[in-house]
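# Examination of the molecular architecture
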Amino acid sequence: QVQLVESGGGLVQAGGSLRLSCAASGLFFSRYAMGWFRQAPGKERDFVAAINWSASTITYADSVKGRFTISRDNAKNTVYLQMNNMKPDDTAVYYCAAVLRYGSAPVVVDEYQSWGQGTQVTVSS
């Protein structure tokens, strides 16, 4: 049974930084593409960043390019999201997701097989 557990969320001032982690278990992690999504109150779940199994292909939403960095450590079964120069619009619940895939990591919610429970990120102005 695949389990994804996010951590690292919290309250930060605009311009600040946070690092999210997603620890995976119950899967052969290095065979999975991983993604980060976020959902603000009353809005749909949106793509943030994705990384393929080998970290050779990385994709970002335009809204976070140059500010967020996704990475993974296959030895630790963990994917990270480093968030810098944060803005109030980044406030949301952040979710990590996994899909068994060797190609590019998808950017669409429906293509992911497993999800974490989410971690709240709040950016104050």
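This write-up is about the structure you can find in this document. Being a predicted model, the structure only gives us computed values, none of them experimental.

As a further point, take the nonpolar core. Counting 36 residues, the largest nonpolar core has Met-34, Trp-36, Leu-81, Met-83 and Tyr-94 as the members making the most contacts within it. Here this core takes six residues from strand E9 (residues 92–100), the largest share from any one element.

This next bit is on the sheet that holds strand E8 (residues 78–83). Spatial ordering of the open sheet is given by E1-E3-E8-E7, a layout of four strands whose pairing is antiparallel. This sheet does not close on itself; its edge strands, each paired only once, are strand E1 (3–7) and strand E7 (68–73). Strand after strand, the sheet turns through a mean of 15° between neighbouring axes, direction not considered. Here E7 pairs with E8 via six bridges, running antiparallel. Counted as the bridge partner of Asp-73 is Thr-78 from E8.

Take Thr-119: it is sitting in strand E11 (residues 119–124). When its relative accessible area of 11% is taken as the criterion, Thr-119 is described as buried. Taking C-alpha positions, Thr-119 is 21 Å from Tyr-32, a pair spaced 87 residues apart along the chain. Here Thr-119 is in contact with Glu-6, Ser-7, Gly-8, Gly-9, Leu-20, Ala-92, Val-93 and Tyr-94, once residues within four sequence places are set aside. At 3.3 Å, the side chain of Thr-119 forms a polar contact with the backbone nitrogen of Gly-9.

What counts and what doesn't
The residue numbers shown here count from 1 along each chain, following its written sequence. Side-chain atom pairs in this predicted model are given and counted only at pLDDT of 80 or more, local residue features only at pLDDT of at least 70, and totals for whole chains, interfaces and linings cover all residues. Side-chain measures here rest on the full set of heavy atoms in the structure, leaving out hydrogens and waters. Residues grouped as a nonpolar core are buried Ala, Val, Leu, Ile, Met, Phe, Trp, Tyr and Cys residues, joined through side-chain atoms within 4.5 Å. Think of it in three bands: with a 1.4 Å probe and only protein chains considered, a residue is buried below 20% of the maximum accessible area for its type, exposed above 50%, and partly exposed in between. Secondary structure is summarised from DSSP: a helix means a run of H or I of at least four residues, a strand means a run of E of at least two, and numbering begins at the N terminus for each. DSSP calls a pair of strands paired once it identifies at least 2 bridges connecting them. Angles here are taken between N-to-C directions and fall from 0 to 180 degrees, while the axes themselves are lines fitted to C-alpha atoms, restricted in helices to the stretch in contact. Residues are treated as being in contact if the distance between any of their heavy atoms lies within 4.5 Å. Within 3.5 Å is the distance limit for a polar contact, defined as a pair of N or O atoms, with the added protein rule that one can donate a hydrogen and the other accept it, and that residues adjacent in sequence qualify only through two side-chain atoms.

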